[in-house]
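# Commentary on secondary and tertiary structure
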Protein chains: 2
Amino acid sequence: MTYQLHYWPTIQGRGEFVRLALEAAGAEYVDVAREPPGKGGGESALAQRLSDPGNPRASFAPPFLVDGDIVVGQTAAILLYLGPRLGLAGIGERDGLWAHQLQLTIADVVAEAHDTHHPISVGDYYEDQREAAQARAKCFREERIPKYLDWFERVLQRNPAGDVHLVGDSLTYADLSLFQLVAGLRYAFPKAAARALATTPAIVKLHANIGRRQRVHDYLQSPRRIPFNEEGIFRHYPELDG
Amino acid sequence: MTYQLHYWPTIQGRGEFVRLALEAAGAEYVDVAREPPGKGGGESALAQRLSDPGNPRASFAPPFLVDGDIVVGQTAAILLYLGPRLGLAGIGERDGLWAHQLQLTIADVVAEAHDTHHPISVGDYYEDQREAAQARAKCFREERIPKYLDWFERVLQRNPAGDVHLVGDSLTYADLSLFQLVAGLRYAFPKAAARALATTPAIVKLHANIGRRQRVHDYLQSPRRIPFNEEGIFRHYPELDG
């Protein structure tokens, strides 16, 4: 069965957490909105699907995943669904819940990273909320990034199965998402991320290990990996780093 | 088995979504931090548990739930765990995922409601970020509340089993959480909430129905229901409404 991922075609964004899980597991999937318009691609087709009156369970926003007649939206819920199917959710209910809890905490950081450039209004341009953005980014750099990364470092250090993975001794979607979080923070806030990561060696090692996995490595080198850019969640505005 | 809920003892906050599920199901639970200090209550005992080096899976923040030797943090993950156990997750995997997706979307609104009074820094006082708060609250009132409520209204209207519940034809934790969202918005933004709810009759009906359920009604009248206040997520600052 080929999974259909529906997400904005020009950014990593929240969809990237799903792409990474599918890629790391070698799953067959189509990134639908990146297909040509004749094959259902493009942003307008994506927007149309969201407002399809024939779908009583349409998502509030992308990403959403279609698997046969199952449709799931919300990044963390998609990973909850895919996790056991892709072998990326650890062993049993307990690991599955823990992986999900980690994912939800990553989602919290991601929302905060987004709000550094849009602290006032999602609908307005960054340039129109730059002053508030600088204040919010300062707090994010100085308080939030260290607090979150310290917590993930502690999770790794305290893992009874060793500090290579967040959950037990095998790869889960939470590891892949932490990889993506580190990549995003390094892109958007190179100076602040470097400072925080200097005190979290297990996270740095996890990021490097994930990037070396064959399938992940191949994906990152491929045109399927959209480069970070200033339309996504992690945006590099030098005035917000420091 | 008595569930132990661990959450800040003086606010509804995110813990309230868990309290409502436990109360509506008539489950036995202890709201630990609200117990006397001799019984493990109080904020400092709560903070201590979060940083307990003996717990390799300690949560990033409250709430967390203890059920025997299972510990789950993150509101939505707690409800994912409790849902089937309390009979509040619909029928089968599909309903369970849909209830969870709805919950995650409610969590997104809740985070945005919080940021109306803390748009710059969680660590600073509201009074020190009042100007940005007014700008963010305006956008929340005019764009975000209507957008989210319209979506939930559509979910109710399109439910093939009728518009009484969000998921199928039985009560789920998503219904209870939507009830709480409406209560919170009405408290924090009475004018803006009234305007938006005037166009979402099914949500208004759901809120009234939930409030009339015997166990929920009893809970809301009891001292166990902490009143809304200006330390929680939904805060009534008249200058942020309008």
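Residue numbers run consecutively from 1 along every chain, following the written order of its sequence. Written order decides the labels, with chains lettered from A and ligands numbered from 1. Only residues with pLDDT of 70 or above have their local features reported here, since the model is predicted, and side-chain atom pairs are shown and tallied only from 80 upward, although totals for entire chains, interfaces and linings are computed over all residues. Side-chain descriptors were evaluated using all non-hydrogen atoms of the structure, hydrogens and water having been removed beforehand.

### Digging into the packing of aromatic side chains
Stacked, tilted and edge-to-face pairs are distinguished by plane angle, under 30 degrees for stacked and over 60 for edge-to-face with tilted covering the rest, among Phe, Tyr and Trp rings (Trp via its six-membered ring) whose centres lie within 6.5 Å. Under the criterion given, the structure shown has 16 aromatic pairs over all chains. A ring pair is formed by F140 of chain B and F189 of chain B, whose centres lie 5.5 Å apart and whose planes are at 55 degrees; its orientation type is tilted. Of the two residues, F140 of chain B sits in helix α5 (residues 130–158) while F189 of chain B sits in the loop between α6 (173–188) and α7 (190–197), which places them 49 residues apart along the sequence. Judged by its relative accessible area of 2%, F140 of chain B is buried. Note on F228 of chain B and F234 of chain B: the rings are 6.3 Å apart at their centroids and 85 degrees apart in plane angle, and the pair reads as edge-to-face. Grouping residues by exposure puts F228 of chain B and F234 of chain B together as buried. Following the ring pairs from residue to residue traces out a cluster consisting of F60 of chain A together with W98, Y148, W151 and F152 of chain B. By definition, any uninterrupted DSSP run of H or I lasting at least four residues is a helix, any uninterrupted run of E lasting at least two residues is a strand, and each is numbered from the N terminus. Exposure classes here rest on a 1.4 Å probe applied to the protein chains alone. A residue is buried below 20% of its type maximum, exposed above 50%, and partly exposed in between.

### Observations concerning the domain arrangement of chain A
Residue and element names in this part refer to chain A. Assigned domains within chain A: domain 1 (3–86) and domain 2 (92–213). Domains are outlined according to an automatic or database domain assignment. Here the C-alpha centroids of domain 1 and domain 2 sit 22 Å apart. Put simply, buried area is the surface a 1.4 Å probe can reach on two separate parts but cannot reach once they are joined, added for both. Taking both sides of the interface into account, the surface hidden between domain 1 and domain 2 amounts to around 1000 Å²; carbon and sulfur atoms contribute 77%. By definition here, a salt bridge exists when the distance from a side-chain nitrogen of Lys or Arg to a carboxyl oxygen of Asp or Glu is within 4 Å. Linking domain 1 with domain 2 are 0 salt bridges. The term polar contact refers here to a pair of N or O atoms within 3.5 Å; inside protein, the definition further demands a hydrogen-donor-capable atom paired with an acceptor-capable atom, and it admits residues adjacent in sequence only when both atoms are side-chain atoms. At the junction of domain 1 with domain 2, the criterion picks out 1 residue pair in polar contact (both at pLDDT 80 or more). If you list the elements that add at least two residues to the side of domain 1 that touches domain 2, you get α1 (15–24) and α3 (75–86). For the side of domain 1 that touches domain 2, the residue count by class is 8 nonpolar, 2 polar and 2 charged. Amino acid classes used here: Ala, Val, Leu, Ile, Met, Phe, Trp, Tyr, Cys and Pro are nonpolar; Asp, Glu, Lys and Arg are charged; the rest, including Gly, are polar.

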